[in-house]
Amino acid sequence: MDQGTRDEMLGRLAEAVGSVTVTHPTRVAIDGPPAAGKTTLADELAAVLRTQGHDVIRATIDDFLFPSAQRYPRGEYSAEGCYFDTHDHDALNRVLLDPLGPGGDRRFQHAVYYHTADTVLSPPVTTAPADAVLVFDGVFLMRPELIDRWDLRIFVSTALEKTVDRAVIRERRVSSRAEVERRWRERYIPSQQLYFATVRPTDHVDIIVHNDEPRQPAWASQTH
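Calculation criteria
- Residues numbered from 1 in each chain as written.
- Predicted model: local features only at pLDDT ≥ 70, side-chain atom pairs only at ≥ 80, totals over all residues.
- Heavy atoms only, no water.
- Helix = DSSP H or I, 4+ residues; strand = E, 2+ residues; numbered from the N terminus.
- Buried < 20%, exposed > 50% of the residue type's maximum accessible area, 1.4 Å probe, protein only.
- Contact = heavy atoms within 4.5 Å.
- Lys, Arg positive; Asp, Glu negative; His and termini not counted.
- Charge placed at Lys NZ, Arg CZ, Asp CG, Glu CD.
- Pairing = 2+ DSSP bridges.
- Axes fitted to C-alpha atoms, helices over the stretch in contact; angles between N-to-C directions.
- Polar contact = N/O pair within 3.5 Å; in protein donor to acceptor, adjacent residues only side chain to side chain.
- Salt bridge = Lys/Arg side-chain N within 4 Å of Asp/Glu carboxyl O.

> Hey, could you run me through the overall build of the chain in this one?
Within the chain, the regular secondary structure consists of seven helices and 11 strands. Summarising its shape, the C-alpha atoms of the chain cover approximately 45 × 40 × 35 Å along the three principal directions. Classification of the 224 residues of the chain by burial places 50% in the buried group. For the chain, the share of sequence-separated contacts (at least 6 apart) that also reach a separation of at least 24 residues comes to 71%. Each charge sign in the chain was given a centre, from 26 positive and 33 negative side chains, and these centres are 2 Å apart.

Written out as structure tokens, the structure reads:
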């Protein structure tokens, strides 16, 4: 386990990206619980990679949700619904991960859904350079439908109780503390517990970033 500054950790992750040897774009997964700091880390890593001259594609699982009318057949607070009914993995593989993978034509779309407006998207198809890097953040990225699509796997680990406090701060302008706590304790945290019990995601990743203290993170590489 290494510990250091935020910049040191980002430098280590950028080195790991650079060490991947594939003949297609490098597909980097940044997995972890809600409010663990995945999006922030992905944005920071993308910025570092761009300063190093990489062509970076930034995308997120939130742009591959099913429309809200399809997401809640088991109820708004169902943990099983969060895990099984929320994300369109078939579309994610079809329009992004497979085109950027081995044998793909590198013609991709970075989204199929606009969360704020709850509308389906069909952005223009873009062709990625062969040496591009996809930095993709989201929950449940080591699940069976996706795990073979990644060339580098990173997990952002944070105590689940800490994610509740972060979520209350993050969402205070749009949701009350009671609403956020109910959503986390009934839906999001149990869905993560289901994910850990069934998939054991941290067994499958290359690097774990311990993000309880974001300015002084710790990280560990794993071999498989």
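> What am I meant to see in the sheet that holds strand β1 (residues 2-3) here?
Two strands in a sheet stick together by hydrogen bonds in their backbones, pointing the same way (parallel) or opposite ways (antiparallel). Read from one edge of the open sheet, seven strands run β1-β11-β10-β9-β2-β8-β3, paired in mixed fashion. One side of each edge strand has no neighbouring strand; the edge strands of this open sheet are β1 and β3 (56-60). For strand β2 (residues 26-31) and strand β8 (residues 133-137), the ladder comprises five bridges, and the chain directions are parallel. Bridge pairing in β8 links Ile30 to Asp137. Sheet contacts for helix α2 (residues 38-51): β2, β3, β8, β9 (152-157) and β10 (207-210); angle to β3, the most-contacted strand, approximately 170 degrees.

> I keep staring at the environment of Thr39 and nothing clicks. Help me out?
Within the secondary structure layout, Thr39 lies in helix α2. Thr39 gets classed as partly exposed once you look at its relative accessible area, which sits at 39%. Separated by 20 residues in sequence, Thr39 and Ala59 place their C-alpha atoms 9.6 Å apart. When neighbours within four sequence positions are excluded, Thr39 is seen to be in contact with Arg58 and Asp137. Within the local environment of Thr39, its side chain forms a polar contact with the side chain of Asp137, the two groups lying 2.9 Å apart.

> Please clarify how the pattern of salt bridges should be interpreted in this entry.
Opposite charge on two side chains lets them pair, provided their charged atoms get close. Applying the stated criterion across every chain yields a total of 13 salt bridges. Glu44 is the salt-bridge partner of Arg6, the closest N and O atoms lying 2.8 Å from each other. Of this pair, Arg6 sits in helix α1 (residues 6-18) while Glu44 sits in helix α2; the two residues are 38 residues apart in sequence, bridging distant segments of the chain. The buried category is assigned to Arg6, whose relative accessible area is 5%. Overall, the relative accessible area of 21% leaves Glu44 in the partly exposed class. Measuring nitrogen to oxygen at the nearest pair gives 3.6 Å for the salt bridge that ties Arg185 to Glu181. Note that Arg185 and Glu181 are positioned in helix α7 (residues 177-199) at a spacing of four residues, about one turn of the helix. Exposure remark for Arg185: the relative accessible area of 40% places this residue in the partly exposed category.

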